[in-house]
Amino acid sequence: MFAKYWKIVKRELKRMITSPHFYAGLMVFVVSAVMIGRLYDLQIRQGDALNSQAGQTALSTAELTVKARRGDIYDRNGVLLATTRVAYQVNMVNYKMEQADRDAMYLALIELFEQNNDVYTNNLKRYITPNLEWGSAFDGENREKALNNWLNTIVSGFSKSDKENIKTARDAYDYLRNKVFELDEKYTDAQAYKIMIIRYQTHFFGLSYLRPTTIATDVCKETMEYLSARYFDFPGITTEEAYYRVYQDAAAASHLIGYVRAISDSEYQEMKDQGYSNDDLIGKIGIEKAAESDLRGVNGTRVVYRDANGIVRTESYTPPVRGNDVYLTIDYNLQKECVSILEKTLADIAAGKNGYNNFGDAAAGSVVVMNVKTAEVLAMANYPYYDNSIFIAPSTDKEAQQAIVDLFADPTSPSLNRATQGLYPVGSTIKPLISVAALMEGKISVNQTINCTHTIQIGTQTHACLGYHGQIALKSALARSCNIYFYEAGIRTGIDTLDAWIKKFGLGEKTGIEISEYAGSRSNPETMEQREEDTTHVWSDSDTAQTSIGQLYTLFTPLQLCNYTSALANGGILKTPYLIKSVINGEGAVVSDNVAKAEGGTNLGVSAYILNAVREGMKAMARENAAANAVFSKFPYGFVAAKSGTPETGLEAFGESSHGLMICYAPADDPEIAISIVLEHGVFGSNAAPIAGRIMEVYFSDRF
C-alpha cells in the first residue's frame, strides 16, 4: 500500500520539477522572503534609529567658520589696554515662503535694527540713498562710467531699453521697486526702501539655503533676544556672537599698540594658508600686528545641513579657542605721564618763539624709557599721537572715517611712531660713544688734554666750538660738550674704526624690537656715496669731525639712542629691547615670555675703567650744566648721568629751529632706567631736561 502511494508521489514530484512554472514560482518565493526579511529589519530592528535620521536626508552640508575671540592686551601691571566687545550679528538663509510674507519680514527686521540703533548692511545706499538721491558710488571723476555700469546691472534680465528711462535716483528707485522687486503698493516709499535694502542684497548677491548671509553686523542683546524668542516669525533668521575690538582709553600708547582692520586682498593671498578668511580682521601695526599669531585664536567650525522640512540644523560643532592675552613691558601710568610732559614741554618751547633761534616750530617728539638690566621698554611715548579707536569704528561712522583721512593727511605725521621710525641727527648725545671708541683704541687717554681755542682748521674747513675751553680732558669735555675735543678724538680714531664702534653699540641698525622700526644711517663714506651719487666729494677729516659730534649723515631713532645709553649704563651689554613681557592663554598658563632677552645680550668688550670714566663725565654734565642741574638737583648729588645734544637741521637760516635731545640714566652708580628724549625743533638739548626730571620723579616716587 505504502509503495503504491510513494510511487505516485515520486511521479508527481518529477513532473513538477521538470515543469518551467516550478522555477518561476520558486524565484518569486525567494525574492518575497528576502523583501519581507529586509522590511522586518528596517521597520522593527532599526526602525527607531532610521526614523531619527529621516529628517537628515539633506541634499548637502556646509562647513561654516565660527570666529574666535581675540586676546586682550595689558600693560605690565594688568591695566587693560585692548579688549574685545561681544555683540551679535544677524544672519539669514533661504527659506521657502511667499514673497509677500518675506517682504513683510524684511521690513520688520530693518525697523527693529533702527529702533535699537543696530549696525546693519545696506549695500543699496552706495547707489541710492534713503533720501532717494545718488549714493557715494557715483562720486568722483568716473561718475558716468560707474553709473552706466550699475544701471546695466539692475536692468540685466530685462529690456536694455529700460535703462534709457532711468535719469534720476528716483527713477532707479521706482524701477527697482516696481519692475525688479514688484513690491506691494501698500508700502510707503520709506517702507519700500527698507524692504529693498535686503531685497537688493539677496537679489544681486544671492541667498543660500545653507550658507548664511549677514544682514546686520553689530546688534544689541535686546535685538538678539527679540529675534530668538520669535523664531517662527522670522524663519531663516539666526543670530550669533560677534566680536569687536575695543581700545580702553589707550590713545597715549596708540603707536605701540597699533590697531586691527580688514585683511587686504594681498594679505589674504599671503595668509590664507594659515587659516585666514577674506573677511577677517588682522593686526596692521604695533603689537596688534607683532602678536597677531598669539592674539587671533583658533576659529571653530560648524557643519550644517537642511532637514526634510527645510530647516538648517547643526550636524557637528568644534568650538573656537580664544586668543591668548599679551602682557606688555609698558607701565601705562608712566607712559601717560611721558606723553603729558612731552606735550607740555613742546608747547612751552613753541611759546618762547623769538625769531632768532626759536622759530616756534616745536610740535613733535618722542621719549623712550628702558630698564637697563632687562631691556624692557617701560615707556614709548610719541607726540602728536592719535586715537586708534577710529580704525575699528564701523564704516557708517562718518566722523571716524574722516578722522582716518585727516590723520594721514596731517603734515605733523601723528601716525608715525617716532620712537622707532623717526630718524634724527643726534648731535652731542653721541659724544660718550666717541669717547669709548677713542679710549678703547688708545687714541686718547682719560686724563689727556686737548686745547680748545673755539675754532679749529681741518683741511679747508673751519669748525667751531660753543665755547673757549682751553686745555680740557675727557670728564670736562663731556660735561661742557666741547666740540674741539671730540673733533680731535674722532679724527685720531679714524672713520672706519669709529663707524665700527658706533655700529657695535647698535646705532644705525635695527634693534630687533617686535614692532616696525627703521635702521637709520651712520655717517660714513658708504653713506656719503649713497647720498651724493652725482658729486666728486671724497671723504675727509672734516667729515669725520662732523660725524664725531653726531651730524652730517647721522640719522638714528630714539629707541636706538635709549638702547645705546642702556649699554653705557649696564656695563657694556647691548641687549635687544622688547615690548612683550609674556603671553598667557585662557587657562592662565604662560605660553611664552622674554626671559631670554632679559638675561641675554652681547658684551661689547669695553673695559670697566673706560666705561667708568665716560660715566663720570655724564654725571658731571648732569651737575654742571645749568639747565640739567636745575632739574636734577631735586635728586641726590650724582644720582643722574646725562648728555644733551642740539643737532642742527641745516635749515636754521631758513627759519627752522635745531632739535633738542637728551640721553640719561639713573641711579648713576647702580643704573635701573635709561631715557632718550628727542624734541623736533626743540631749539636746545637742555630743553629736554624737564622731561627727564619728571620721568624720574614718577619712576622713583617711592624713594624720594
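Further up the page is the structure itself.
Quick summary incoming for the structure in this document.

Thresholds applied
Residues numbered from 1 in each chain as written. Predicted model: local features only at pLDDT ≥ 70, side-chain atom pairs only at ≥ 80, totals over all residues. Heavy atoms only, no water. Salt bridge = Lys/Arg side-chain N within 4 Å of Asp/Glu carboxyl O. Helix = DSSP H or I, 4+ residues; strand = E, 2+ residues; numbered from the N terminus. Buried < 20%, exposed > 50% of the residue type's maximum accessible area, 1.4 Å probe, protein only. Contact = heavy atoms within 4.5 Å. Expected span 1.5 Å × (residues − 1). Arc of directions from axis to C-beta. Pairing = 2+ DSSP bridges.

**Overview of the pattern of salt bridges**
Here is step 1 of the chain: All chains considered together, the criterion is met by 32 salt bridges.
Here is step 2 of the chain: Across the pair Asp103 and Arg199 runs a salt bridge, and its minimum N-O distance is 2.9 Å. Of this pair, Asp103 sits in helix α4 (residues 99-115) while Arg199 sits in helix α7 (residues 189-205), placing them 96 residues apart in sequence. Side by side, Asp103 and Arg199 carry an identical accessibility label, which is buried.
Here is step 3 of the chain: Between Lys581 and Glu376 there is a salt bridge whose closest N-O contact spans 2.5 Å. Of this pair, Lys581 sits in strand β19 (residues 580-584) while Glu376 sits in the loop between β12 (364-371) and β13 (377-383), and the two are 205 residues apart along the sequence.
Here is step 4 of the chain: Exposure remark for Lys581: the relative accessible area of 32% places this residue in the partly exposed category.
Here is step 5 of the chain: Through salt bridges that share partners, Arg70, Arg245, Glu288 and Glu292 make up one connected network.

**Considering the side chain of Thr527**
Here is step 1 of the chain: Position of Thr527 relative to the elements: it lies in helix α20 (residues 525-531).
Here is step 2 of the chain: Those residues within four positions of Thr527 in sequence are excluded, and the remaining contacts are Ser521, Arg522 and Tyr553.

**Notes on the environment of Val606**
Here is step 1 of the chain: When you line up the elements, Val606 lands in the loop between β21 (602-603) and α24 (608-624).
Here is step 2 of the chain: The sequence separation of Val606 and Ile282 amounts to 324 residues, and the corresponding C-alpha distance is 44 Å.
Here is step 3 of the chain: Residues contacting Val606, with those up to four places away along its chain left out, are Val436, Met440, Trp501, Phe505 and Leu611.

**A closer look at helix α14 (residues 398-409)**
Here is step 1 of the chain: Compared with the 16 Å implied by 1.5 Å per residue over 12 residues, the 17 Å span of α14 between its first and last C-alpha is a close match.
Here is step 2 of the chain: Of the positions making up α14, those classed as buried are Ala400, Ile404 and Leu407. Buried residues along α14 cover an arc of 65° about the axis, so they all sit on one side. Facing away from the buried side of α14 by over 90 degrees, the exposed positions are Lys398, Glu399 and Ala409.
Here is step 3 of the chain: Contacts from the buried residues of α14 go to β7 (259-262).

**Regarding unusual backbone geometry**
Here is step 1 of the chain: Note the cis peptide between Tyr383 and Pro384, where omega equals 0°.
Here is step 2 of the chain: The topology assignment puts Pro384 in the loop between β13 and α14.
Here is step 3 of the chain: Cis rather than trans, the peptide bond between Ala666 and Pro667 has omega equal to -15°.
Here is step 4 of the chain: Tracing the sequence through the fold places Pro667 in the loop between β23 (660-666) and β24 (673-680).

**Observations concerning the side chain of Asn358**
Here is step 1 of the chain: Mapped onto the elements of the fold, Asn358 is located in the loop between α13 (332-351) and β12.
Here is step 2 of the chain: In contact with Asn358, other than residues within four places in its own chain, are Ile349, Gly352, Lys353, Ser657 and Val683.

**Considering the pairing of strand β20 (residues 590-593)**
Here is step 1 of the chain: As defined by bridge partners, β19 adjoins β20 across three bridges and the pair is classed as antiparallel. Considered in β20, the bridge of Val583 is made with Ser592.
Here is step 2 of the chain: Taking the residues that link successive antiparallel strands as the turn, the β19-β20 hairpin has five residues, and the phi of Gly588 there is positive, at about 85°.

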